[in-house]
Amino acid sequence: MQRIIKHKRQKGAVLPQFGVIAVIVAIAAIIVWLLWLTKPQPEAKLEQLAPVKVALAQVEVREVQPFEYVTGRLQPIKTAQIRYEVAGKVIARKVEPGEKVNSGDVLMELDGADYRDQLQQVAAELVIEEKSVGRDAELLKYSQKNLKLQQQEEQRLQSLVGRNLIAQSQLDSVRQRVYDLRAEVARLDYAVATNNARVRMKSAQRDIAERNLQRTTLRAPFGGVVNEVFIDEGDYVNANQAVLTLVDASEFDVQLDVRGEVIAGLSLKQQVDVEISKKVRKGNIVALQLDPDINTNTHQIRVRVPADDAQAGLLAVVSLPLSAKAQSKLIPLSAVLNLHGKAYIYTLEGNVVKKLPVQLGRRIGNDVVVLNGLSAGQNVVARDVNSLSDNQQVMTE
């Protein structure tokens, strides 16, 4: 019994010892974890970068021919809305959009029955007028002779009345016939005098009727391509109503608005370069507005180019030459760094590049004119300037 009690006492003493050991181990683990978190990081070793190779270019001084590059769209040299000059019902539509036509080809036809009847009527009236010319002349001649005879009869009867050989009523009857004949002579004289005018009037009416009949057939005024058709067979059209659009795309025009500085160096029929779809071709100035537009103060010009493989609506960049400027300083366009709306270049001082602001002028091909900031013969970095920084060490190629 004593032995059992002694054993229990020994077992109760061991348990607190294990708890103390566990706490010590936990604290040690926390300390190790904190030391690991707060250990100093190894310092980064900065390596010296190798100098960048750069290509240099000298500021060149030469006489240059500046150009103004103006963009416009190609448009056909002729675009016309074809209209009917007479009214009527469409009985034939001969063309469709995209169809090529030659000058004089039939595009549409109207019902011309009424116009044919009108032509026949006016032509018949003209024949009647022409025939009446000779008839009225003959009637006038006979009426004049008859009047003369009646006047002689009047004189004879008047002498007889004076001698009381005939009644007064006989003389009055002859006088009445004289008055009637005078009226007839006056009428026929007027008819003869105006016959030629009436014939010309009827002839003009016949010509108008004939032209109106011809106008029922709509023909192409020039060769080109039908762009739009607004009317179908069976539709009724009024006079002056547009029925289709016709374009002549054998050549193209580029219409441009330019400043007075540009217009000063241009002339009619002058040849200029026109870039269309990355292909440069020659064009000619066919129109030149010398007096500027009162609202925009610009001058309108028109440049004509051959069709070749171009299409209406394509963008065209026209190179317009300006006055030559002597002794201009130029650098490659690739030497310019554009940053926040300002232009910079890099110059070389020893083995270090320096960034300098410059004032630039007009672009000339792959070069650009320098107005301020550089001297003639000065070296600048020619390309890849976006990868450089001020005071960076470099080496030349």
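To be clear, the structure that these remarks concern was listed above.
Residues numbered from 1 in each chain as written. Predicted model: local features only at pLDDT ≥ 70, side-chain atom pairs only at ≥ 80, totals over all residues. Heavy atoms only, no water.

Overall, antiparallel pairing links the 4 strands, which are arranged S8-S7-S5-S10 in an open sheet. At either margin of the open sheet sits one strand with a lone partner, and together these are strand S8 (217-219) and strand S10 (236-237). (Pairing = 2+ DSSP bridges. Helix = DSSP H or I, 4+ residues; strand = E, 2+ residues; numbered from the N terminus.)

On to the pairing of strand S11 (residues 242-258), then. Within S11, 12 of the 17 residues are buried, which leaves it mostly tucked inside the rest of the structure. Bridge count for strand S4 (residues 67-83) against S11 is 9 bridges, and the pairing is antiparallel. What sits directly across from Gln-75, in S11, is Asp-253. Sheet topology note: the strand S9 (residues 224-229)/S11 ladder contains 4 bridges and is antiparallel. Considered in S11, the bridge of Val-226 is made with Leu-246. In terms of strand pairing, S11 meets strand S14 (residues 299-306) through 8 bridges, oriented antiparallel. (Buried < 20%, exposed > 50% of the residue type's maximum accessible area, 1.4 Å probe, protein only.)

What follows concerns helix H2 (residues 113-162). Compared with the 74 Å implied by 1.5 Å per residue over 50 residues, the 70 Å span of H2 between its first and last C-alpha is a close match. Largest kink in H2: about 25°, centred on Ser-132. Following H2 by one or two positions, Asn-164 adopts a phi angle in the positive range, close to 60°. (Expected span 1.5 Å × (residues − 1). Bend = angle between axes of the 7 residues up to and from the residue.)

Turning to the pattern of salt bridges, a few remarks are in order. Summed over all chains, the structure comprises 19 salt bridges. Where Glu-138 meets Lys-141, a salt bridge forms, and the shortest distance between an N and an O atom there is 3.6 Å. Residue Glu-138 and its partner Lys-141 are both found in helix H2; the two are separated by 3 residues, about one turn of the helix. Using a relative accessible area of 35% as the deciding quantity, one classes Lys-141 as partly exposed. For the salt bridge of Arg-281 with Asp-308, the shortest nitrogen-to-oxygen distance reads 3.6 Å. Of this pair, Arg-281 sits in strand S13 (residues 279-288) while Asp-308 sits in the loop between S14 and strand S15 (315-321), and the two are 27 residues apart along the sequence. By relative accessible area, Arg-281 is classed as buried at 7%. (Salt bridge = Lys/Arg side-chain N within 4 Å of Asp/Glu carboxyl O.)

These values are about where atoms sit, not about what they do.
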